[in-house]
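# Structural overview
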Amino acid sequence: MVQILGEVFRASGMKIKILIIPVFFSCLLIWSVMDLPFSNNKLLDATINGSREPDTPRDKLIGGLLTADFDESSCLSRYHQSLFYRKPSPYKPSEYLVSKLRRYEILHKRCGPDTKAYKEATKNLGNDEIYVGDCRYIVWLAGYGLGNRMLTIASVFLYALLTERIILVDNRKDVSDLFCEPFPGTSWLLPLDFPLMNYTYRYNKEYSRCYGTMLSNNAINSTSVLPHLYLHILHDSRDHDKMFFCQNDQSLIDKVPWLIVKANVYFAPSLWLNQDFQTELVKLFPQKETVFHHLARYLFHPTNQVWAMVTSYYNAHLSRADERLGIQIRVFRNDAGYFQHIMDQVVSCTQREKLLPELTTQEESKVNISISPKLEAVLVVSLYPEYSERLKNMFWRQKTSTRETIKVYQPSGERVQQTDKKLHDQKALAEMYLLSLTDNIVTSARSTFGYVSYSLGGLKPWLLYQPTDLITPDPPCVRSTSMEPCFLTPPSHGCDADWGTNSGKIVPFVRHCEDIMYGGLKLYDEL
């Protein structure tokens, strides 16, 4: 093991070995890199030398999306993704978005933790006193899986941009173990001594300061002045909770200095249905489907520990391939595991869509012998190793009709989701980033893990339809025309108009998701 790792991480004259090893062993081997005693300089060398030099100069600031005001070695992923690993994105941030982000950074530095403004804003918050000042805040509370968390942080940050609030994120659930600080010269982490932190257990639909509850009880109106409000934006939100998105309600909420949010859905699409926000959003994102793509590349930068996991695996298994295909499999069943009908669905989708070649007989392979062979790396991400093992065996035993060499890899297969366990979450984040570095991607319907992966990579995915009754869907998958995540449980009610069920008639670029039979909203560029 030490010898192999030495090959992978040799800082000069790096040699890469492509290994075909059992999944359970590769999990131990590859992810053990996180325990290596890297200094920043050694990790910097390994990151640069292990990647292919770009053919053309790369823009590490991604068109101004990122600021240069950071120490590069403290967070290698911030600039190295675009410099050494990602293909240049065809989606460029608007100048208006870039200037908005720079203005936000100034505001956060003035109002963030440890500033005079923050101390003043929190001084009497625990006593339920009204704060009157220039800074207003929105606090994101952690909950649910990593995919949900990243989607909701991006949604809350977008809302903060639109309303000139400061976002502070709950760090009790390993945020700082996963991500670097996104704003220069300050922190986005909510201090642990935040006055309302001791009462987070009460933030639910029954909480007296829950906005939806106050609406249903007629306990709030345009004259109400409150020190804080709780916003319940979860899959079980009631119609009154979802009034949060409406224009009239926003004029009331705007006066509250502190908002506490618990969410597990990507609610950004519904912000576009508010006319007051829509004008600003169109200027920020002329390409409607780029919202999460840009915000994720701005906000989420894996820590050096996680980035070492990403780069070591990529350099060892994916970097030399001519093409890279990502396949993410999520099984939505109480008895989740390996199912043959799901395996059949994956094979049917990838071969029907020409993402993987058909297998051939010996006679057929002789006909195509003049075709120049190419190497395709297939990255399978699932809790269950059987899917990659079956796929690996399939291409191991028979030649392909195109004479391509297919190598199948799976970084881990832990069988059980272990949210809030540091190592598990770090592996999950590393696998999201690995998927985002592929050329094409197939993901499971309704999977927030998949949503983050393909949108981060600027990829329009093939979505595997959710099976019913152990039957392989026909067709097995659909190619999305948008790289945006889906808002799985959007409002079905109306504000001034019925923009739930018939949202597409009012805002043509907000329409139903391809992978959801009923409900679900998503942003599209194509009409």
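Here we summarise the structure given alongside this text. Here the structure is a predicted model, which is why all the values come from computation and not from measurement.

Scoring rules and cut-offs
- Residues numbered from 1 in each chain as written.
- Predicted model: local features only at pLDDT ≥ 70, side-chain atom pairs only at ≥ 80, totals over all residues.
- Heavy atoms only, no water.
- Core = buried A, V, L, I, M, F, W, Y, C linked by side-chain atoms within 4.5 Å.
- Buried < 20%, exposed > 50% of the residue type's maximum accessible area, 1.4 Å probe, protein only.
- Contact = heavy atoms within 4.5 Å.
- Axes fitted to C-alpha atoms, helices over the stretch in contact; angles between N-to-C directions.
- Helix = DSSP H or I, 4+ residues; strand = E, 2+ residues; numbered from the N terminus.
- Parallel < 35°, antiparallel > 145°, perpendicular 65-115°, else oblique.
- Left-handed = near helix turned anticlockwise from the far one by under 90°.
- Polar contact = N/O pair within 3.5 Å; in protein donor to acceptor, adjacent residues only side chain to side chain.
- Pairing = 2+ DSSP bridges.
- Phe/Tyr/Trp six-rings, centres within 6.5 Å; stacked < 30°, edge-to-face > 60°.
- Lys NZ or Arg CZ within 6 Å of the ring centre and 35° of its normal.

Here we take up the nonpolar core. Ranked by internal contacts, the top residues of the largest apolar core, which has 134 residues, are Y137, F157, I167, F194 and F300. Here Y137 is in contact with C111, A117, Y118, A121, R165, I166, L168, P257, W258 and L259, once residues within four sequence places are set aside. I329, M343, Y384 and F395 belong to the second-largest nonpolar core, a separate cluster that totals 24 residues.

Two quantities define a packed helix pair, namely the angle between the helix axes and the distance between the axes. Closest axis-to-axis distance for the helix α4 (residues 76-85)/helix α15 (residues 304-318) pair is 10 Å, and the angle between their directions is 20°. With respect to their mutual orientation, α4 and α15 come out roughly parallel. The two elements α4 and α15 meet at a crossing, and its hand is left-handed. Between α4, through L76, S77, H80, Q81 and Y85, and α15, the contact on the second element is made entirely by N304, W307, T311, Y314 and N315.

You can see S89 is positioned in the loop between α4 and α5 (95-111). Among the polar contacts listed, one links the side chain of S89 to the backbone nitrogen of Y91, at a separation of 3.1 Å. Among all residues touching S89, those that are not within four sequence positions of it are H293 and R297.

Ordered in space as β2-β1-β4-β3, the four strands form an open sheet in which the pairing is parallel. Because the sheet does not close on itself, it has two edges, and the strands there are β2 (166-169) and β3 (228-233). Adjacent strand axes in the sheet meet at a mean angle of 25°, parallel and antiparallel pairs treated alike. Taken together, the four bridges between strand β1 (residues 137-141) and β2 define a ladder with parallel strand orientation.

By the element assignment, S480 lies in the loop between β10 (477-479) and α21 (503-506). Sequence-wise, S480 and W462 are 18 residues apart; in three dimensions their C-alpha atoms are separated by 6.1 Å. Beyond its immediate chain neighbours, meaning those up to four positions away, S480 contacts K460, P461, L463, E514 and K522. Here the side chain of S480 touches E514 through a polar contact of 3.0 Å, side chain to side chain. Within the local environment of S480, its side chain forms a polar contact with the side chain of K522, the two groups lying 2.9 Å apart.

Under the definition given, this model contains 26 aromatic pairs. When the ring of Y203 is compared with that of Y207, the centres are 5.2 Å apart and the planes differ by 85°; the resulting orientation is edge-to-face. The residues Y203 and Y207 share a single accessibility class, namely buried. When the centroid spacing of 6.1 Å and the interplanar angle of 75° are considered together, the rings of Y451 and Y454 count as edge-to-face. Of this pair, Y451 and Y454 both sit in helix α20 (residues 448-456), three residues apart, which is roughly one turn of the helix. The two residues Y451 and Y454 agree in class, both being buried. Just above the ring of Y79 sits the side chain of K60; from NZ or CZ to the centre is 4.7 Å.

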